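Below, each chain spelled out in residue letters.
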Amino acid sequence: MDIERLRFLNSFQVIEIAKKFGTPVFVYSQKEIEKRCEEALAFPNEFGLKVHYAMKANSNYNVLKIIKNKGIGVDASSEYELNRAYLAGFLPNQIMVTSQELVKNLDDFINRGGCFNACSLHQLEIFGQNFPGKELSIRINPGLGSGWTTKTDVGGTTSAFGIWYESLQDAKQIINKYNLKISKVHTHIGSGSDPEVWKAVAKYTLEYAEMFPNCTAVNLGGGFKIGRMSYELSTNLQEIGKPVKELFKEFYSKHNRKLKLEIEPGTYLMANTGALITTVDDIVDTGSKGFEFIKLNTGMDANTRPSLYGAEHPLISVSASNEDKINLKDYVVVGHCCESGDVFTQEMGGKAKTRKMGEVEIGDYVVMEGTGAYCSSMSTKNYNSFPETPEVLMDNNGNVHQIRKKQSLEQIIQNEVKLDFL
Ligand SMILES: *Cc1c(COP(=O)(O)O)cnc(C)c1O
């Protein structure tokens, strides 16, 4: 396995940022985010394209702003995300709501042109009761999925996301009862992005579009895999989009309907546009038959993907004195939480494994790459009462700005209520 390298930072910048803002700190690159946005906006399409950013990947206000300024909308996965999208300046007609939990108080959103995506028969029924005669989208589970791990696979019988394709007749009854107009059909099957599975799902999704005469757009979700480790492949959007574009052409020649394409990347826009700078807090070992462990001053409270999925992130040693490290060593890299699962180098299932990296001393830095998506937003924040990790943004001139401060102890406990009889 190759030794991993820094992506958008150099070791000098790592040291500068660490000194100025402290560690751990997430660093995002405006330039990289914008580049990814441009790639997404170039997705092959025949009759128009709309890109929505799945904001759960990273919901920082400034990240949303950069993406919004590129002309991309958002997919909000909860009432709270919807409100954060508003705060970042998105208008209802730039937002799609695809939520597992029923979102209430949608009157304003729907009346101002927002798109609600019904993810179950119950959600469809409630929408019908509240908004008879209105337009909406439905999310369909097409019966197959694609995930890097079973935990990121969100299609097929083991997935609760969307209306099961065999229940579409039941959906139609609800649609007719309330005179609803299905203007969009939606599938999102996970983050494996196997091109063959993707094409098959696109084909099914177009068949669903055929069933709904008011349907003008097809949303194929996100799930475009990004290689975080250098040995992992990334999706080529041009390649997976080409056959899908052909399907839209065929659909037009058969049905004389020009369908718009929508995609919802999360990972693709953000995964490799962020890095987490950490400091080596301790080095311990378990003897000649054991391992050498590096303990970082961060953990699953900043990035829970390794413990959740056995996901791997590049770990790059940077000497605090900016010397070139020539010696390579095999380390097990662990986090600072008092939790046996807080290991950054582990197999799926939790078995620790080693990673070859530049040798480090206590006080050196380790940069964890590939941490722009589903890290800050999905961590086990405040476990062991560690504060929320601060975030900075490197702008297009190379200047670095704080975009989220480190949490204080007062903020961690601010909602606790002290009982006076104790
Ligand atoms: C999470 C999510 C996405 C984005 O998935 P990625 O794997 O990050 O691209 C897109 N659409 C919906 C409905 C989602 O829930």
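Structure: see above.
What counts and what doesn't
Residues numbered from 1 in each chain as written. Predicted model: local features only at pLDDT ≥ 70, side-chain atom pairs only at ≥ 80, totals over all residues. Heavy atoms only, no water. Helix = DSSP H or I, 4+ residues; strand = E, 2+ residues; numbered from the N terminus. Buried < 20%, exposed > 50% of the residue type's maximum accessible area, 1.4 Å probe, protein only. Areas by Shrake-Rupley, 256 points an atom, 1.4 Å probe, with all protein chains shown as cover. Lys, Arg positive; Asp, Glu negative; His and termini not counted. Charge placed at Lys NZ, Arg CZ, Asp CG, Glu CD. Axes fitted to C-alpha atoms, helices over the stretch in contact; angles between N-to-C directions. Parallel < 35°, antiparallel > 145°, perpendicular 65-115°, else oblique. Left-handed = near helix turned anticlockwise from the far one by under 90°. Contact = heavy atoms within 4.5 Å. Nonpolar A, V, L, I, M, F, W, Y, C, P; charged D, E, K, R; others polar. Near = heavy atom within 4 Å. Polar contact = N/O pair within 3.5 Å; in protein donor to acceptor, adjacent residues only side chain to side chain. Core = buried A, V, L, I, M, F, W, Y, C linked by side-chain atoms within 4.5 Å. Domains from an automatic or database assignment. Pairing = 2+ DSSP bridges.

K.L.:
Teacher, can you tell me more about the overall build of the protein here?
P.N.:
The helix and strand tally for the protein stands at twelve helices and 18 strands. On the principal axes, the C-alpha backbone points of the protein span a range of 70 × 60 × 45 Å. The 422 residues of the protein split such that 53% are buried. Summed over all atoms, the accessible surface of the protein reaches about 19,300 Å², with 48% contributed by carbon and sulfur. Computed over 47 positive and 51 negative side-chain charges, the separation of the two mean positions in the protein equals 5 Å.

K.L.:
How should the packing of helix α8 (residues 195-211) against helix α9 (residues 237-255) be read in this particular structure?
P.N.:
How two helices sit against one another is set out by the angle between their axes and by the gap between those axes. At a minimum axis separation of 10 Å, α8 and α9 run at an interaxial angle of 20°. Overall, the two elements α8 and α9 adopt an arrangement that is roughly parallel. Here α8 runs over α9; the crossing is right-handed. On α9, the residues touching P195, W198, K199, A202, K203, L206, A209 and E210 of α8 are I240, P243, V244, L247, F248, F251 and H255. A class-by-class count of the residues in the contact of α8 with α9 yields eleven nonpolar, one polar and three charged.

K.L.:
Explain the side chain of E125 to me, please; I cannot follow it from the model alone.
P.N.:
Along the chain, the position of E125 falls in helix α6 (residues 121-130). Of the residues examined, E125 reaches a relative accessible area of 18% and is grouped as buried. In contact with E125, not counting residues within four places along its chain, are I174, K177 and Y178.

K.L.:
Would you take a moment to explain the site of the ligand for this structure?
P.N.:
The ligand sits among 15 residues. The nearest are K56, G223, E264, T267 and Y374. With respect to the ligand, the backbone of G266 contributes an N or O atom lying 3.1 Å from an oxygen atom. One nitrogen or oxygen atom from the side chain of Y374 is found 2.6 Å from an oxygen atom belonging to the ligand.

K.L.:
I tried to follow the nonpolar core on my own but got confused; where do I start?
P.N.:
One recurring pattern in soluble globular proteins is that nonpolar side chains are buried together. In terms of nonpolar packing, the biggest core is built from 86 residues, with Y53, I138 and V185 touching the most fellow members. Looking at which element gives the most residues to this core, the answer is α9, with six residues. Among the domains, domain 1 (11-24 + 273-413) and domain 2 (27-265) are the pair contributing at least three residues each to this core. The contacts of Y53, once residues within four sequence positions are left out, are N58, V63, L64, I67, I72, G73, V74, D75, P265, G266, L269 and M270. Counting residues in each nonpolar core, the second largest holds 16 residues, with V14, I15, I277 and V318 among its members.

K.L.:
Sorry if this is basic, but what is going on with the pairing of strand β1 (residues 25-29) here?
P.N.:
Note on strand geometry: in a regular strand, side chains alternate between the two faces of the sheet. Taken across its five residues, β1 has five buried, putting it largely inside the fold. Burial along β1 is two-sided: the residues V25, V27 and S29 and F26 and Y28 are all buried. As paired strands, β1 and strand β17 (residues 391-394) are joined by four bridges and run parallel to one another. Following the sheet pairing, Y28 is matched in β17 by L393.

By themselves, these observations are geometric and do not establish any function.
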